[in-house]
Amino acid sequence: MELPVVVGVDGSEPSLRAADWAADEAALRGVPLRVVYACRWDRYESAALARDLGKPDAEVLPQDVVAGAARRARSRQPELKVTTDVVFEEPEYTLVHEGRNASVLVVGTRGRSGIAEALLGSVSLTVAGHAHCPVIVLRGNHDTKASHGTHGRVVVGIGEDPDEAAAVRRFAYEEARRRGVVLDAVKAWRCPAHETTDHPLLADAPARLHAEEAEKSLTEALRDAPPDVEVRPRTLEGPARHVLVTTSHGADLLVVGAKRRKGHLGLQIGRVAHAALHHSACPVAVVPHPV
């Protein structure tokens, strides 16, 4: 069965840009697109959608929201199969539930100003922290094109345990292959302060050892790289969350992992993914892997 790409919309500009991205992602995957609007109310004030529909804000209905997003998707990808649904339920719950039958979830963040659009909304953060499928999050200022590599590179963060993050690498390989771009596989490393020395002949020795260990670990992790994807291994010194945010500049997508612990009810996302979602310069894909 073809699992669709699911996009959550609410009529705001960021969610409509997410719908554009989702249409391209579905076309790349050759699967249908499912447009979902979830809300507790039967009306929604949306200036952006109201302008498109030529209606007052108060007359915009949920059916208008999904229909408008679906029209954008079909105009962008005419061959794409698009379905819509309106659910009168909390959006966080609805989208996490939708993720059980999706190849990927796409969400944006709602914001009415430059400052608001730079922040990650609670719905996006909750969905990324609980969904059972990969979640792609676009903030308001991110590119809306996924159909081809605008910048020519996808970035994936490689963690400490190669086996644990196999799903993250597979997702990154496929995203780079679909776009026909290079995959930058990035591993961060640090040299603890207590391992440094003042001796001039040994000053760089501890750091060099940590760098070599990082390179060895990265090489081991990338042994499953498919031959038709160009992978560039990169080891960089610094905290992983800072390294990945820096390398996200000039990328089409940043791929990070998130642990899902059975029986754990809190947000399951980790510091690295959390930082990426709040500060990445490009869209972020959060790929869950069980522990």
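(A) Region of interest: the overall build of the chain. Along the backbone of the chain there are 10 helices and 10 strands. Within the chain, the proportion of its 291 residues that are buried is 50%. Taking contacts inside the chain between residues at least 6 apart in sequence as the whole, the part at least 24 apart equals 78%. Carbon together with sulfur atoms contributes 52% to the accessible area of the chain, which is approximately 14,100 Å² in total.

(B) Highlighting the nonpolar core. Residues Val7, Val9, Leu33, Val106, Ile136 and Val255 are the most contacted members of the largest nonpolar core, which totals 46 residues. For this core, the element with the most residues is helix H1 (residues 13-29), which contributes seven residues. Dropping the residues within four chain positions of it, leucine 33 is found in contact with Val5, Val7, Ala22, Ala23, Ala26, Ala73, Leu80, Lys81, Val82 and Thr83. Grouped together as the second largest cluster of nonpolar side chains are 30 residues, Ala102, Val186, Val243 and Val286 included.

(C) Structural detail: the environment of alanine 214. Mapped onto the secondary structure, alanine 214 falls in helix H8 (residues 205-221). For alanine 214 and arginine 190, which are 24 residues apart along the polypeptide, the C-alpha to C-alpha distance reads 9.3 Å. Apart from the residues lying within four places of it in its own chain, the contact partners of alanine 214 are Lys187, Trp189 and Thr235.

(D) Seen up close, the pairing of strand S6 (residues 153-157). Most of S6 is tucked away, with five of its five residues classed as buried. Side-chain alternation along S6 places Arg153, Val155 and Gly157 on one buried face and Val154 and Val156 on a second face that is also buried. Direction of pairing for S6 relative to strand S7 (residues 182-189): parallel, over a ladder of five bridges. Residue pairing for S7: glycine 157 is matched across the bridge by valine 186. With three bridges joining them, S6 and strand S9 (residues 253-260) adopt parallel strand pairing.

(E) Broad picture of the environment of aspartate 161. By the secondary structure assignment, aspartate 161 is in the loop between S6 and helix H7 (166-179). For aspartate 161 and serine 217, which are 56 residues apart along the polypeptide, the C-alpha to C-alpha distance reads 8.7 Å.

(F) Representation of the pattern of salt bridges. The tally for this structure, following the rule as stated, stands at 17 salt bridges. Here glutamate 25 and arginine 179 are joined by a salt bridge, their closest N and O atoms 3.1 Å apart. You can see glutamate 25 sitting in helix H1 and its partner arginine 179 sitting in helix H7, a full 154 residues away along the chain. Across this residue pair, the class does not change: glutamate 25 and arginine 179 are buried. The partner of glutamate 175 in a salt bridge is arginine 29, with the nearest N and O atoms 3.1 Å apart.

(G) Region of interest: the packing of H1 against H7. Running from amino to carboxyl end, H1 crosses H7 at an angle of 90°, the nearest separation of the two axes being 10 Å. Here H1 lies roughly perpendicular to H7, going by the angle between them. Between H1 and H7, the contacting residues are Trp21, Glu25, Leu28 and Arg29 on the first element and Phe171, Glu175, Arg178 and Arg179 on the second. In terms of residue class, the contact of H1 with H7 is built from three nonpolar, no polar and five charged.

(H) Molecular detail of the side chain of arginine 153. With respect to the element layout, arginine 153 can be found in strand S6. Residue arginine 153 is classed as buried on the basis of its relative accessible area of 12%. Within the structure, the side chain of arginine 153 is placed 2.9 Å from the side chain of aspartate 184, a separation counted as a polar contact. Arginine 153 has contacts with Val181, Val182, Asp184, Arg232, Arg234, Thr247, His249, Gly250, Ala251, Asp252 and Leu253, leaving out every residue within four places of it along the chain.

(I) Here's a closer look at the packing of helix H4 (residues 91-98) against helix H6 (residues 122-130). Orientation of H4 relative to H6, taken along the N-to-C sense of each, is 35°, at an axis distance of 9 Å. Seen along the crossing, H4 lies across H6 with a hand that is right-handed. Residue-level contacts link Pro91, Glu92, Leu95 and Val96 of H4 to Ser122, Val123, Thr126, Val127 and His130 of H6. Here the residues of the contact of H4 with H6 are counted per class, giving five nonpolar, three polar and one charged.

(J) The environment of alanine 67, seen in detail. Position of alanine 67 relative to the elements: it lies in helix H3 (residues 62-76). With relative accessibility at 28%, the residue alanine 67 sits in the partly exposed group. Separated by 32 residues in sequence, alanine 67 and valine 35 place their C-alpha atoms 8.7 Å apart.

(K) Structural context of H4. Thr94, Leu95, Val96 and Glu98 are the residues of H4 that are buried. Residues of H4 that are buried sit in contact with strand S1 (5-8), strand S2 (33-38), strand S3 (82-87), strand S4 (104-108) and H6.

Cut-off values and rules
Residues numbered from 1 in each chain as written. Predicted model: local features only at pLDDT ≥ 70, side-chain atom pairs only at ≥ 80, totals over all residues. Heavy atoms only, no water. Helix = DSSP H or I, 4+ residues; strand = E, 2+ residues; numbered from the N terminus. Buried < 20%, exposed > 50% of the residue type's maximum accessible area, 1.4 Å probe, protein only. Contact = heavy atoms within 4.5 Å. Areas by Shrake-Rupley, 256 points an atom, 1.4 Å probe, with all protein chains shown as cover. Core = buried A, V, L, I, M, F, W, Y, C linked by side-chain atoms within 4.5 Å. Pairing = 2+ DSSP bridges. Salt bridge = Lys/Arg side-chain N within 4 Å of Asp/Glu carboxyl O. Axes fitted to C-alpha atoms, helices over the stretch in contact; angles between N-to-C directions. Parallel < 35°, antiparallel > 145°, perpendicular 65-115°, else oblique. Nonpolar A, V, L, I, M, F, W, Y, C, P; charged D, E, K, R; others polar. Polar contact = N/O pair within 3.5 Å; in protein donor to acceptor, adjacent residues only side chain to side chain. Left-handed = near helix turned anticlockwise from the far one by under 90°.

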